[in-house]
Number of protein chains: 2
Amino acid sequence: MKTLTVVKIGGNVIDNPKALESFVDDFSRLPSPKILVHGGGKLATRLCERLDIPVQMIEGRRVTDKETLDVATMVYAGLVNKKLVAKLQQRGCNAIGLSGADLCLLPAVKRSSVPVDYGYVGDIITDNVNTGALSSLLDMGAVPVFCALSYDGNGTLLNSNADGVASALAVAMSARQAVDLVYCFELPGVMRDISDSESWIPEINENSYARLREEGIVQKGMIPKIDNAFAALRQGVRCVVIKSSADIAAKRGTIIRIH
Amino acid sequence: MKTLTVVKIGGNVIDNPKALESFVDDFSRLPSPKILVHGGGKLATRLCERLDIPVQMIEGRRVTDKETLDVATMVYAGLVNKKLVAKLQQRGCNAIGLSGADLCLLPAVKRSSVPVDYGYVGDIITDNVNTGALSSLLDMGAVPVFCALSYDGNGTLLNSNADGVASALAVAMSARQAVDLVYCFELPGVMRDISDSESWIPEINENSYARLREEGIVQKGMIPKIDNAFAALRQGVRCVVIKSSADIAAKRGTIIRIH
């Protein structure tokens, strides 16, 4: 069975029309089977502002109330997802746009309101990902395109983290076939020196990761990303790569390995 | 092969939470294979108003400019479609939400800007409906839920009429299996007397239709609906029924037959 590639793109690609065009060109050319997971970008925030929906933050994280969930559903599952699908179809890539509720693909549990109530936010139950339906879609030659909305099994969509969706899909599908997980972002990889675009680190394993953290080279937002990558590897994902969305076909990027 | 049922619901059901709950209950219980097509309701108009997007009308019909198309994509393919999918999944109905761009299911041609430019409005090319992919989804046990957005094949979604989407799907799938087409609306069927809820006409054929028009019993918005029904029947659809969305499981309703 062929290796499945799960690619995650962040909001920065969605927000940049030129980067997006270049990305869909590259992604269309990647061999199948493949899955795309996308973040939402700033469109949801901008729509909330235009609709005078107040942004509530608790400890630096956004609260998803009922109105914000509706905006997320409109922007992520509607505008962003279907525009991506249309652009991919234009390039001969047989995309199908999906949320977690469709075919009950991404079952999740609403995060506890104690100690902090983040509202309609869900953590995906990786063991319950509907891998059977996903495999059927892939067997049809379809290219699933997921927004980061999961499903509580009881009639309600939940806002989820796009990195987490990509990782849950990759881990769940690893029970069926070899899976490579690619996190795309705005840099060529994990960088030694952010001001030197050639300083990407080709490979990180658990030993070198500990060292890079001690040295302060890996810090802030990169730490949960790499932690997630190691968690996915420990749960059966064959390979995790962190690379530039402008460069998914090229060899640059940081490969994460356990050993 | 089992008979496929294509059910279309209009915006009035979408706009009425109680009617919607009752409809999804009934639709979930209908035997598969089945397809749901939904209109958008007043949500798109309301969102346009909140966003100060002017409504442009030409000869009583709305113009879909770029901003209006984005709103339609958010509301129809996002909010309305995914809420329906979540509600159906809650009832054990294995729904998958779709636009015409997904799997290139509903190819359409942008309506000519001469003599009147309605903007991003598309007429579905019935012969090009991707019946192969649709059959694969139905074979998986999936229940496709379509919003009325079609696809120009060149990266752009197009606003289409939900009655037309339902009819195009029914006609196209008729080449593969027997198809029943059900148009749901707010009345028990085509009415002799709008003030008498028991006056629905059980059956209309071409002869009785001519008579009903002469007598002025069938008029206004009902005329294109019945014309479409006859067109679908002439193109292979087995049976067309016009009935109440509150009553899809029951026997009430108007059956349209050619003879």
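Summarised in this report is the structure supplied together with it. Source: prediction; values computed, not measured.

**Notes on the interface of chain B and chain A**
Argument step 1. In this assembly, 40 residues from chain B lie in contact with 40 residues from chain A.
Argument step 2. Of the roughly 3100 Å² buried at the junction of chain B and chain A (both faces included), carbon and sulfur atoms supply 65%.
Argument step 3. Summed over the three residues of chain B that lose the most area to chain A, namely Met74, Lys82 and Leu103 of chain B, the buried surface amounts to 19% of that side.
Argument step 4. Between chain B and chain A we count 6 salt bridges in total.
Argument step 5. One salt bridge connects arginine 50 of chain B with glutamate 67 of chain A, and the closest N-O pair in it is separated by 3.8 Å.
Argument step 6. Between the two partners, chain B and chain A, sit 16 residue pairs in polar contact (both at pLDDT 80 or more).
Argument step 7. When contributions to the side of chain B that touches chain A are tallied by element, the ones reaching two or more residues are helix 3 (43-50), helix 4 (66-90), strand 5 (95-98) and helix 5 (131-139) of chain B.
Argument step 8. Per-element tally for the side of chain B that touches chain A: the top contributor is helix 4 of chain B, with 15 residues.
Argument step 9. Its residues assigned to classes, the side of chain B that touches chain A shows 21 nonpolar, 12 polar and 7 charged.

**Structural notes on the side chain of serine 160 of chain A**
All names here are of chain A.
Argument step 1. For serine 160, the location among the structural elements is in the loop between strand 10 (157-159) and helix 6 (162-173).
Argument step 2. Among the polar contacts made by the side chain of serine 160, one reaches the side chain of serine 150 at a distance of 2.8 Å.
Argument step 3. Apart from residues lying up to four places away in sequence, serine 160 is in contact with Gly122, Ile124, Ala148, Ser150 and Val165.

**Here we look at helix 7 (residues 206-214) of chain B**
Residues and elements named next belong to chain B.
Argument step 1. Those residues of helix 7 that sit buried are Ser208, Tyr209 and Leu212. Along the axis of helix 7, the buried positions cluster into a sector of 105 degrees, meaning they face one direction only. Away from its buried face, by an angle of more than 90 degrees, helix 7 presents the exposed residues Asn207 and Glu214.
Argument step 2. Where helix 7 is buried, its residues meet strand 12 (203-204) and helix 8 (222-234).
Argument step 3. One or two residues past the end of helix 7 sits glycine 216, with phi positive at roughly 75 degrees.

**Considering the pattern of salt bridges**
Argument step 1. Applying the stated criterion across every chain yields a total of 34 salt bridges over all chains.
Argument step 2. Between arginine 238 of chain B and aspartate 180 of chain B there is a salt bridge; the shortest N-O distance is 2.9 Å. With a gap of 58 residues between them, arginine 238 of chain B in the loop between helix 8 and strand 13 (239-244) and aspartate 180 of chain B in strand 11 (residues 179-185) connect regions that are remote in the sequence.
Argument step 3. Overall, the relative accessible area of 15% leaves aspartate 180 of chain B in the buried class.
Argument step 4. Among the ionic pairs, aspartate 227 of chain B bridges to arginine 213 of chain B, the shortest N-O distance being 4.0 Å. Within this pair, whereas aspartate 227 of chain B is found in helix 8, its partner arginine 213 of chain B is found in helix 7, the two being separated by 14 residues in sequence.
Argument step 5. Aspartate 227 of chain B sits in the partly exposed class, given a relative accessible area of 33%.
Argument step 6. Residue arginine 213 of chain B is classed as partly exposed on the basis of its relative accessible area, which comes to 40%.
Argument step 7. What emerges from the salt-bridge pattern is a single network uniting Glu21, Asp25, Lys87 and Arg91 of chain A.

Conventions we followed
- Residues numbered from 1 in each chain as written.
- Chains lettered and ligands numbered in written order.
- Predicted model: local features only at pLDDT ≥ 70, side-chain atom pairs only at ≥ 80, totals over all residues.
- Heavy atoms only, no water.
- Contact = heavy atoms within 4.5 Å.
- Buried area = accessible area lost by both parts, 1.4 Å probe.
- Salt bridge = Lys/Arg side-chain N within 4 Å of Asp/Glu carboxyl O.
- Polar contact = N/O pair within 3.5 Å; in protein donor to acceptor, adjacent residues only side chain to side chain.
- Helix = DSSP H or I, 4+ residues; strand = E, 2+ residues; numbered from the N terminus.
- Nonpolar A, V, L, I, M, F, W, Y, C, P; charged D, E, K, R; others polar.
- Buried < 20%, exposed > 50% of the residue type's maximum accessible area, 1.4 Å probe, protein only.
- Arc of directions from axis to C-beta.

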